[in-house]
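Reading the structure
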Amino acid sequence: MSTTNPHSDTPLDDAGTPVDRARARRRSKHRRRLANVAGLMASLVLTGALYSVFAPAQAADETTSESAAEAAGRELYERSCISCHGENLEGVPNRGPSLIGVGEASVYFQVHTGRMPLVRQEADAPDKPAVFSDEEIDQLMAYVQANGGGPTLPSGNLRDGELAEGGELFRLNCASCHNFVGEGGALSSGKAAPSLDGATDLEIYTAMLTGPANMPVFGDNQLTPDEKRSIIAYVQTVTDMADPGGAGIGRLGPVAEGLVLWVVGVSALMFGIFWMGSKA
């Protein structure tokens with residue numbers, strides 16, 4: 001009668017001595033380990049092959065489509081912005097703030113209005129003709145948005161708001177710096193709130209959204225997108241209107257402007273009278 005060892009294919013009657021049976025068990029255990037390792041390696045190879053065939057191809061397509069504008073934006077950034085804003089948008093002390101979290105909205109306002117690149121360090125960055133083209137501005141926006149995140153550009157008609165509501169909101173939130181009709185005004189420390197005459201809808205919207213210089217940030221929790229559109233409708237309506245008195249001295253109205261002209265005229269007349277009297 002022949003019996004079989006449960007851990008070996010070798011019949012016990014054929015296994016020989018206890019030493020031979022122990023050797024047979026060790027060989028069987030070694031074969032099982034080799035089989036497990038071989039199975040694991042085969043699984044890893046198969047998984048890697050499947051990943052290289054499918055996933056990387058899809059990711060490569062996405063990366064290529066995203067990195068074209070970002071790569072161009074990086075070149076522009078390294079050429080014109082890195083000295084003040086740092087290698088990784090982290091900012092440089094006493095030279096330029098961090099751009100992390102400012103988003104493409106801030107890039108659009110600062111670069112499209114010519115405030116950036118900054119010519120020299122001063123209290124206010126004055127607006128001037130833009131240095132970059134529209135395509136280059138889009139590339140810079142793509143690079144900063146991809147690496148720092150933040151508010152994005154709005155879309156649609158930015159004047160689609162209530163004119164009366166816009167006037168009320170403007171007088172409440174903006175008139176203290178920009179004058180009640182957007183003429184601008186002086187601030188402390190050599191700074192000034194610029195005139196809104198000539199500003200585009202998108203420039204006004206992105207300024208409210210990002211708060212350049214001393215201007216506070218009006219996020220969507222402070223002013224909703226509809227309220228921002230109402231303010232833009234008011235500003236553009238007022239700035240497009242002719243001066244009521246024709247003299248353009250802050251839209252004070254015909255009576256106030258007439259009073260100013262009367263004071264100036266009478267002063268000039270009195271000066272002339274005294275001058276002629278001293279020569280007689």
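Residues numbered from 1 in each chain as written. Predicted model: local features only at pLDDT ≥ 70, side-chain atom pairs only at ≥ 80, totals over all residues. Heavy atoms only, no water.

**A short note on the overall build of the protein**
Looking only at helices and strands, the protein features 11 helices and two strands. Contacts spanning at least 24 positions in sequence make up 54% of the contacts within the protein whose residues lie at least 6 apart. Only carbon and sulfur atoms are counted for the fraction: they give 58% of the accessible area of the protein, which is about 17,500 Å². (Helix = DSSP H or I, 4+ residues; strand = E, 2+ residues; numbered from the N terminus. Contact = heavy atoms within 4.5 Å. Areas by Shrake-Rupley, 256 points an atom, 1.4 Å probe, with all protein chains shown as cover.)

**Brief notes about a nonpolar patch on the surface**
A surface patch of nonpolar side chains, amounting to about 1,200 Å² of accessible area, comprises Leu259, Trp262, Val263, Val266, Leu269, Met270, Phe271, Ile273, Phe274, Trp275 and Met276. Accessibility expressed as a relative area gives 54% for methionine 276, which makes it exposed. (Patch = residues over 30% accessible without salt bridge, like charges linked within 9 Å, V, L, I, M, F, W, Y side chains within 5 Å. Salt bridge = Lys/Arg side-chain N within 4 Å of Asp/Glu carboxyl O. Buried < 20%, exposed > 50% of the residue type's maximum accessible area, 1.4 Å probe, protein only.)

**Looking at unusual backbone geometry**
Methionine 116 connects to proline 117 through a cis peptide bond whose omega is 0°. With respect to the helices and strands, proline 117 occurs in the loop between α5 (103–112) and α6 (134–148). In the Ramachandran plot, asparagine 94 falls in the positive-phi region, its phi being about 65° despite a non-glycine side chain. Mapping asparagine 94 onto the fold places it in the loop between α4 (82–85) and α5. When its relative accessible area of 80% is taken as the criterion, asparagine 94 is described as exposed. Although it is not a glycine, asparagine 179 sits at a positive phi angle of roughly 75°.

**Focus: the pattern of salt bridges**
Enumeration over the complete set of coordinates arrives at three salt bridges. Between glutamate 78 and arginine 74 there is a salt bridge, with its nearest N and O atoms 4.0 Å apart. Taken as a pair, glutamate 78 and arginine 74 lie in helix α3 (residues 55–80) at a separation of four residues, close to a single helical turn. Overall, the relative accessible area of 43% leaves glutamate 78 in the partly exposed class.

**Structural notes on the state of the cysteines**
Throughout the structure, instances matching the rule amount to zero disulfides. Cysteine 174 carries a free sulfur, and the closest cysteine sulfur to it, the one in cysteine 177, is 8.6 Å from it. Taking the relative accessible area as the measure of exposure, cysteine 174 reaches 10% and is therefore buried. Taking the relative accessible area as the measure of exposure, cysteine 177 reaches 32% and is therefore partly exposed. (Disulfide = S-S within 2.5 Å.)

**Some details on the nonpolar core**
Counting 35 residues, the largest nonpolar core has Tyr77, Leu140, Phe170, Met208, Ile231 and Val235 as its most contacted members. Secondary structure elements with two or more residues in this core: α3, α5, α6, α7 (163–173), α9 (201–210) and α10 (225–240). (Core = buried A, V, L, I, M, F, W, Y, C linked by side-chain atoms within 4.5 Å.)

**Quick look at the packing of aromatic side chains**
Aromatic rings considered in pairs are described by the distance between their centres and by the relative angle of their planes. Applying the stated criterion across every chain yields a total of two aromatic pairs. Ring centres 5.3 Å apart and planes at 45° place the aromatic pair tyrosine 77 and tyrosine 143 in the tilted group. Linking tyrosine 77 in helix α3 with tyrosine 143 in helix α6, this pair joins segments that are 66 residues apart in sequence. Between phenylalanine 170 and tyrosine 234, the ring centres sit 5.5 Å apart and the planes meet at 45°, which makes this aromatic pair tilted. Taken as a pair, phenylalanine 170 in helix α7 and tyrosine 234 in helix α10 lie far apart in primary sequence, 64 residues in all. (Phe/Tyr/Trp six-rings, centres within 6.5 Å; stacked < 30°, edge-to-face > 60°.)

**Regarding the side chain of glutamine 110**
Its location among the elements puts glutamine 110 in helix α5. Residues in contact with glutamine 110, not counting those within four places in the same chain, are Arg115, Met116 and Pro212.

**Notes on α9**
Buried residues dominate α9, accounting for 10 of its 10 residues. By the burial criterion, the buried members of α9 are Asp201, Leu202, Glu203, Ile204, Tyr205, Thr206, Ala207, Met208, Leu209 and Thr210. Tucked into the core, α9 has its buried residues touching α5 and α10.

**Side note on the environment of methionine 215**
For methionine 215, the location among the structural elements is in the loop between α9 and α10. Note: C-alpha distance between methionine 215 and cysteine 177 (38 residues apart in sequence) is 8.8 Å.

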